[in-house]
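Given next are the chains, with one letter for each unit.
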Amino acid sequence: MTILSVADLTMRFGGLTAVNNVNFIAERGHITAIIGPNGAGKTTLFNCITGFYKPSDGSVTVAHGEKSLRLDKLPGHAIAKKGRVARTFQNIRLFGGMTALENLLVAQHNKLQASTGLGVLGILGLGGYRAAERQAMELAKHWLHLTDLYDRADDPAGALPYGAQRRLEIARAMCTDPVLLCLDEPAAGLNPRESSALNDLLLKIRDEGTSLLLIEHDMGVVMKISDHIVVLDHGQKIADGTPAQIRADPTVIAAYLGEGDDDDPDAPIAEPAR
Amino acid sequence: MKRLTSDFRDALAVAFFALLVFGPFLGQHLDTDENYQLYLHPTPGLLAIAVAICFAGRLLMLQWHNFRPATPVHVTNAMAKSGKFIAPALLVFAVVMPFLPGVPNAYIDLGVLIMTYMMLGWGLNIVVGLAGLLDLGYVAFYAVGAYSFGLLATNFGLGFWECLPLAGILAAAWGIFLGFPVLRLRGDYLAIVTLAFGEIIRLVITNWSSLTGGPNGITQIPHPTLFGLKFSMAGGPGTFAGFFGITPHPYQRTMFLYFIILGLALLTNWVTLRLRKQPLGRAWEALREDEIACRSLGINVRNTKLTAFAIGAMFGGFAGCFFATRDGFISPDSFTFIESATVLAIVVLGGSGSQLGVVLASCVMIGVPAMLQSLQIYRMLIFGLALVVIMVVRPRGFISTRQPTVSLGKAKAIGADLIAEGRG
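Rules used throughout
- Residues numbered from 1 in each chain as written.
- Chains lettered and ligands numbered in written order.
- Predicted model: local features only at pLDDT ≥ 70, side-chain atom pairs only at ≥ 80, totals over all residues.
- Heavy atoms only, no water.
- Helix = DSSP H or I, 4+ residues; strand = E, 2+ residues; numbered from the N terminus.
- Buried < 20%, exposed > 50% of the residue type's maximum accessible area, 1.4 Å probe, protein only.
- Contact = heavy atoms within 4.5 Å.
- Areas by Shrake-Rupley, 256 points an atom, 1.4 Å probe, with all protein chains shown as cover.
- Pairing = 2+ DSSP bridges.
- pLDDT = per-residue confidence, 0-100.
- Axes fitted to C-alpha atoms, helices over the stretch in contact; angles between N-to-C directions.
- Phe/Tyr/Trp six-rings, centres within 6.5 Å; stacked < 30°, edge-to-face > 60°.
- Lys NZ or Arg CZ within 6 Å of the ring centre and 35° of its normal.
- Buried area = accessible area lost by both parts, 1.4 Å probe.
- Salt bridge = Lys/Arg side-chain N within 4 Å of Asp/Glu carboxyl O.
- Polar contact = N/O pair within 3.5 Å; in protein donor to acceptor, adjacent residues only side chain to side chain.
- Nonpolar A, V, L, I, M, F, W, Y, C, P; charged D, E, K, R; others polar.
- Parallel < 35°, antiparallel > 145°, perpendicular 65-115°, else oblique.
- Left-handed = near helix turned anticlockwise from the far one by under 90°.

Undergrad: Got a minute to help me understand the overall build of chain A in this structure?
TA: Helix and strand counts for chain A come out as 11 helices and 10 strands. Here chain A, with 274 residues, has 55% of them falling under the buried criterion. In chain A, the share of contacts with a sequence separation of at least 24, taken over all contacts with a separation of at least 6, comes to 67%. For chain A, the exposed surface amounts to about 11500 Å²; the carbon and sulfur share of it is 52%.

Undergrad: Can you walk me through the pairing of strand β1 (residues 28-32) of chain B in this structure?
TA: Looking down a regular strand, the side chains alternate between one sheet face and the other. Residue and element names in this part refer to chain B. The pairing of β1 with strand β2 (residues 38-42) spans 5 bridges and is antiparallel. Residue pairing across strands places Thr32 opposite Leu38, the latter belonging to β2. With antiparallel pairing between neighbouring strands as the criterion, β1 and β2 make up a hairpin whose turn holds 5 residues, including Tyr36 at a positive phi of roughly 60°.

Undergrad: What is the right way to read the confidence of the model for chain B from this model?
TA: Caution is warranted with low-pLDDT regions, since their predicted coordinates should not be read in detail. Residue and element names in this part refer to chain B. For chain B, per-residue confidence averages 86 on the pLDDT scale, and 95% of positions sit at 70 or higher. Taken element by element, the predicted model of chain B shows its lowest mean pLDDT in helix α9 (residues 240-244) (73) and its highest in helix α13 (residues 301-327) (93). Overall fold confidence for the complex sits at a pTM of 0.84, while the interface term, ipTM, reaches 0.86.

Undergrad: I'm lost on the sheet that holds strand β7 (residues 180-184) of chain A in this one. Help?
TA: Sheet strands pair via backbone hydrogen bonds, and the direction of the pair is either parallel or antiparallel. Residue and element names in this part refer to chain A. Judged by pairing direction, the sheet is mixed, and its 6 strands sit side by side in the order β6-β7-β8-β3-β9-β10 without closing on themselves. Strand pairing shows two members of the sheet lacking a second neighbour, β6 (85-87) and β10 (236-241), which therefore form its edges. Direction aside, neighbouring strands of the sheet carry axes that sit 20° apart on average. With 5 bridges connecting them, β7 and strand β8 (residues 211-215) associate as parallel partners. Considered in β8, the bridge of Leu183 is made with Leu214. Helix-sheet contacts for helix α7 (residues 162-174) involve β6 and β7, and the interaxial angle to β7 is about 155°. Where helix α8 (residues 192-207) meets the sheet, its contacts fall on β3 (31-35), β7 and β8, and the angle it forms with β8 comes to roughly 145°.

Undergrad: When you look at the environment of B:Leu385 in this model, what are you seeing that I'm missing?
TA: Residues and elements named next belong to chain B. Among the secondary structure elements, Leu385 is positioned in helix α16 (residues 379-393). Given a relative accessible area of 56%, Leu385 falls into the exposed group. As for Leu385 and Pro248, which are separated by 137 residues in sequence, their C-alpha atoms are 43 Å apart.

Undergrad: Honestly, the packing of aromatic side chains in this entry has me stumped. Any pointers?
TA: Aromatic ring pairs are defined here through the distance separating the ring centres and the angle between the ring planes. If you walk through the whole model with that rule in mind, you get 15 aromatic pairs over all chains. With 5.3 Å between their ring centres and 80° between their planes, A:Phe13 and A:Tyr53 make a pair best called edge-to-face. Note that A:Phe13 is positioned in strand β1 (residues 2-13) and A:Tyr53 in the loop between α1 (42-49) and β4 (57-64), a separation of 40 residues in sequence. A:Phe13 sits in the partly exposed class, given a relative accessible area of 34%. What makes A:Tyr53 partly exposed here is its relative accessible area of 30%. Ring geometry for B:Phe149 and B:Phe160: centres 5.8 Å apart, planes at 75°, overall edge-to-face. In this pair, B:Phe149 is assigned in helix α5 (residues 139-156) and B:Phe160 in helix α6 (residues 160-179), connecting sequence segments 11 residues apart. Note on accessibility: B:Phe149 and B:Phe160 belong to one class, buried. Taken together, the aromatic side chains of B:Tyr142, B:Tyr147, B:Phe323 and B:Phe335 make up a single cluster linked through ring pairs. Geometry around A:Phe52 places A:Arg87 over its ring, the cationic atom sitting 4.9 Å from the centre. Against the face of A:Phe89 rests A:Arg93, its NZ or CZ located 5.7 Å from the ring centre.

Undergrad: Any chance you could explain the interface of chain B and chain A here in plain terms?
TA: Note on interface size: it is often stated as the accessible area lost on association of the parts. Listed as interface residues are 35 residues of chain B and, on the opposing side, 43 residues of chain A. Together, the buried faces of chain B and chain A total about 3300 Å²; carbon and sulfur atoms form 65% of this surface. The salt bridge involving B:Arg282 is made with A:Glu133; its shortest N-O contact spans 3.4 Å. Linking chain B to chain A there are 14 residue pairs in polar contact (both at pLDDT 80 or more). Those elements that place two or more of their residues in the side of chain B that touches chain A are α10 (250-276), α11 (279-289) and α12 (291-296) of chain B. With 7 residues, the top contributor of residues to the side of chain B that touches chain A is α11(B). A per-class count over the side of chain B that touches chain A returns 18 nonpolar, 7 polar and 10 charged.

Undergrad: How should I be thinking about the packing of helix α4 (residues 105-130) of chain B against α10(B) in this particular structure?
TA: Angle between the axes and distance between the axes: these two values describe a pair of packed helices. Residue and element names in this part refer to chain B. Where α4 meets α10, the closest approach of the two axes is 9 Å, and the angle between their N-to-C directions is 20°. By the angle between their axes, α4 is roughly parallel relative to α10. Where α4 crosses over α10, the two elements pack in a sense that is left-handed. Looking at the contact of α4 with α10 residue by residue, the class counts come to 17 nonpolar, 8 polar and 2 charged.

Undergrad: In this structure, what is going on with the sheet that holds strand β2 (residues 16-27) of chain A? I would like to understand it.
TA: Residues and elements named next belong to chain A. Read from one edge of the open sheet, 4 strands run β2-β1-β4-β5, paired in antiparallel fashion. Every other strand in the sheet has two partners, leaving β2 and β5 (67-70) as the edge strands with one partner each. Neighbour-to-neighbour, the strand axes of this sheet turn through a mean angle of 20°, independent of strand direction. Judged from the 4 bridges that link them, β4 and β5 form a sheet pairing that is antiparallel. Note on β5: the bridge partner recorded for Val62 is Leu69. Packed onto the sheet, α1 meets β1, β2 and β4 and runs at close to 115° relative to β1.

Undergrad: How do you make sense of the packing of α6(B) against α13(B) when you look at a structure like this?
TA: Residue and element names in this part refer to chain B. Axis separation between α6 and α13 bottoms out at 7 Å; the angle between their running directions is 140°. Viewed along their axes, α6 and α13 form a crossing whose handedness is right-handed. From α6, Phe160, Cys163, Leu164, Pro165, Ala167, Gly168, Ala171, Ala172, Gly175, Ile176 and Gly179 reach across to α13, where they touch Leu306, Phe309, Ala310, Ala313, Met314, Gly317, Phe318, Cys321, Phe322 and Thr325. Among the residues forming the contact of α6 with α13, the class breakdown is 16 nonpolar, 5 polar and no charged.

The structure is reproduced here in structure tokens:
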């Protein structure tokens, strides 16, 4: 069953077409990876899906059971709230001056805020707020355990080591209770041991029922855990399939080795805007 | 040794600039001779003293920087811990102070003034300290509160207590109204536009004479009553003194005002402290830390910013309402940019986001100049110097650490180096 379908997606910046007419589908319960050389348009595609860019053309649809929702029509914050699509960032964006635990509670803002009765009941300590907060704490603890950060819960996020920050960002995204988790280069800067721990974490997230979409450079991670791989080059999809198919695909190999390309293979195609 | 030489050279450069700066106005004295002719006579002694002070001061400051030990963790923790005792101690002092024998009325009056600024500081702390939105026009909401009460009282005969919530609501409405256009602005740009809003409100008040009385202001604003009892010097039935059968005295009214503002300030503090531990307060702080991450977590950035503006403005409105009732007179002169600057200085000096910091800073910012009255012309010089020294010694304010709002184990204060300053 489909969780995310991207149809005819195009993103132009002035005369530069960063993503050109891309179509693909991510299956529910799968880990879908987007790979490609530098400048292939991966992050742009990713930003279109997660609402940080408004695509010039095409649609992004997320399926919730029977209903489906056009993500490209939603305002930025509603992607996580209504669309239930969470994301992490290539250059980690944690709330550095807040503790790990606080980071995870901020992620549950909408659920908690709804229980405070416009803030008034919360200030007075009435209503369902206490129960909601206890629940939020339980969820936060659950993810602290899974990401092996329980002992560092009261440390400021900015003081955590790099690998721990990556895991905390994933935990924070998971605390929004998403159906689809989008990860922008989750393995970047991790050592091999952390990288393999990350694989286990991602597989666990998948097995708990959240589908994943990830951009990754680390082929070790991609080939090991992905169920489905989409390959982008020069803003266009050049291949789409299982890891085994991708590994054997001659176009992919050519794109990565830069065969048949006279100029810089990393440059996206520039063409005049329509 | 090498460092000392370079420090020495640095201090010499400072002395040179001091010579340039002080030369024209300390180095010579304008006087009249017996024919009433103006003439300049040099005063090298005075100039030499000023330059020497700058030289020595710079040298000492550099030495202090070199040998200053980094504040160890246990000291910061001890400071955070002592903060737990300082706050209740200050509260007890604030409640008991007016009853202490021998405290002159003027001190209680000063207490009222300090607490008015404390309340404004706490209100602005929501916007600047928690949400990280640099607001240079906070006086606008102070003015809206004061004029709401002034106009409602003089036109509709409403009293202080009926107008207090109305003033808060109106100020909050203006907070939202002024908040909308600046939602997309960040940092310096946000500061400039809020500064302009502060001025616009003041200019509208000044020029809309038919409604606001223009530069003449509004007079005869009623004083607050205690359950309908007036504080009047005449005594008699219906007054506080008459009801309790005591001799009327000015300190009764001062004391009443003192406890009203104490109550209002504590309300501000309590609401802020509660909100900080709520989703809304956490969202404000998260907004200060990283707005983009907030959006990715489904937090409505627009609404969160607007609530910060509105709630901050509401407390400004309460304070304005109190200001109007205390003086019985308001005019646009009371709502100039210097008020915004003072309140912002209180927040920054106290340490952005710290409630206790605001208390300490408002005592310093308002109390110290008042206490130094006897020093006359040197008052502002000493005060300015003190502010510079404080900011050099504690660049992020008196209390720069942040207490986590929730913890699994023992909460540890978070150092200033990790905390973002926000600014939109």
